[in-house]
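Listed below are the residues making up each chain.
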Amino acid sequence: MTYGATAIKKGRQLARTDMPIDYTVTFDLYPKGKVNGWANIIHFSATGGNCCSYGDRVPAIWFYSRSTRFHMIDGHAKVGNDECTISQQLPLNKRTAVVIEHLPTKCNVYFNNKKMCTEARADRKQFREAQVWAADPWHNVAAAKMDNLLIRSARAMSPPPPPPPPAKKATL
């Protein structure tokens, strides 16, 4: 799933998409201001719900109240509402390239190719027809612009394995 410039509006459902066990979400984010209360950027929900069971947030991303501090929640079977903690704020009116890498045993978040957090994960599963909102219907909308949203299987990003070596001829 790929989107160019994406206007962030309350309750705007972009798509429904299958979420494999290992996938990557990438986008460019331009914070434009600070909002009182949780300010949602994008929210993937495999259940149609907001919180806090596994599948409600796979992932969901906000800014903390009155800040541009990135708040990324991605659950798993043991903890449905698990945060990958990042303490720094994103700069206003500047592009931040965001990569969120979901793997079977961990989740990594990168800003401009720099790893910002890693969080252990367990018991991940595939979800069908997850709803994708930018922004969700439950929270304030982030004062931000998002471009180049891409969701893809991590397997699609890996280079194919090398071909097997040629078979050796038997000698008598």
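Just above, that's the structure.
Residues numbered from 1 in each chain as written. Predicted model: local features only at pLDDT ≥ 70, side-chain atom pairs only at ≥ 80, totals over all residues. Heavy atoms only, no water.

**Student:** Just to check I follow, could you spell out the pattern of salt bridges for this structure?
**Tutor:** Any two side chains of opposite charge can pair, so long as their charged atoms come close to each other. Considering all chains together, one arrives at 6 salt bridges under this definition. The partner of Asp74 in a salt bridge is Arg124, and the shortest N-O contact between them spans 2.7 Å. Separated by 50 residues along the polypeptide, Asp74 in the loop between strand S6 (70-73) and strand S7 (83-84) and Arg124 in the loop between strand S10 (114-120) and strand S11 (127-133) bring together distant segments of the chain. For the pair shown, Asp74 and Arg124 are each scored as buried. Its salt-bridge partner being Asp147, residue Lys145 comes within 3.6 Å of it at the nearest N-O pair. Note on Lys145: relative accessible area 37%, which makes it partly exposed. One network of salt bridges, in which partners are shared, links Asp74, Asp82, Arg121 and Arg124. (Salt bridge = Lys/Arg side-chain N within 4 Å of Asp/Glu carboxyl O. Helix = DSSP H or I, 4+ residues; strand = E, 2+ residues; numbered from the N terminus. Buried < 20%, exposed > 50% of the residue type's maximum accessible area, 1.4 Å probe, protein only.)

**Student:** I keep staring at the environment of Asn112 and nothing clicks. Help me out?
**Tutor:** As for its position among the elements, Asn112 is in the loop between strand S9 (106-111) and S10. Given a relative accessible area of 41%, Asn112 falls into the partly exposed group. Between the alpha carbons of Asn112 and Ala97 there is a distance of 4.8 Å; along the sequence they are 15 residues apart. Those residues in contact with Asn112, other than ones at most four positions away along the chain, are Arg95, Thr96 and Ala97. (Contact = heavy atoms within 4.5 Å.)

**Student:** I tried to follow the state of the cysteines on my own but got confused; where do I start?
**Tutor:** When the sulfur atoms of two cysteines share a covalent bond, that bond is a disulfide. Within the structure shown, the criterion is met by 2 disulfides. Here Cys51 connects covalently by a disulfide to Cys52, the sulfurs 1.5 Å from one another. Between Cys51 and Cys52 the sulfur-sulfur dihedral comes to about 70 degrees; the bridge is accordingly right-handed. Judged by its relative accessible area of 33%, Cys51 is partly exposed. A relative accessible area of 44% places Cys52 in the partly exposed class. Paired by a disulfide, Cys84 and Cys117 hold their sulfur atoms 2.0 Å apart. The S-S bond linking Cys84 to Cys117 shows a torsion near 125 degrees; that makes this disulfide right-handed. One end of the pair, Cys84, is in strand S7; the other, Cys117, is in strand S10, and 33 residues separate them in sequence. Of the two residues examined, Cys84 and Cys117, each falls in the buried class. If one numbers only the bonded cysteines of the chain, in the order they occur, the disulfide pattern is 1-2, 3-4. (Disulfide = S-S within 2.5 Å.)

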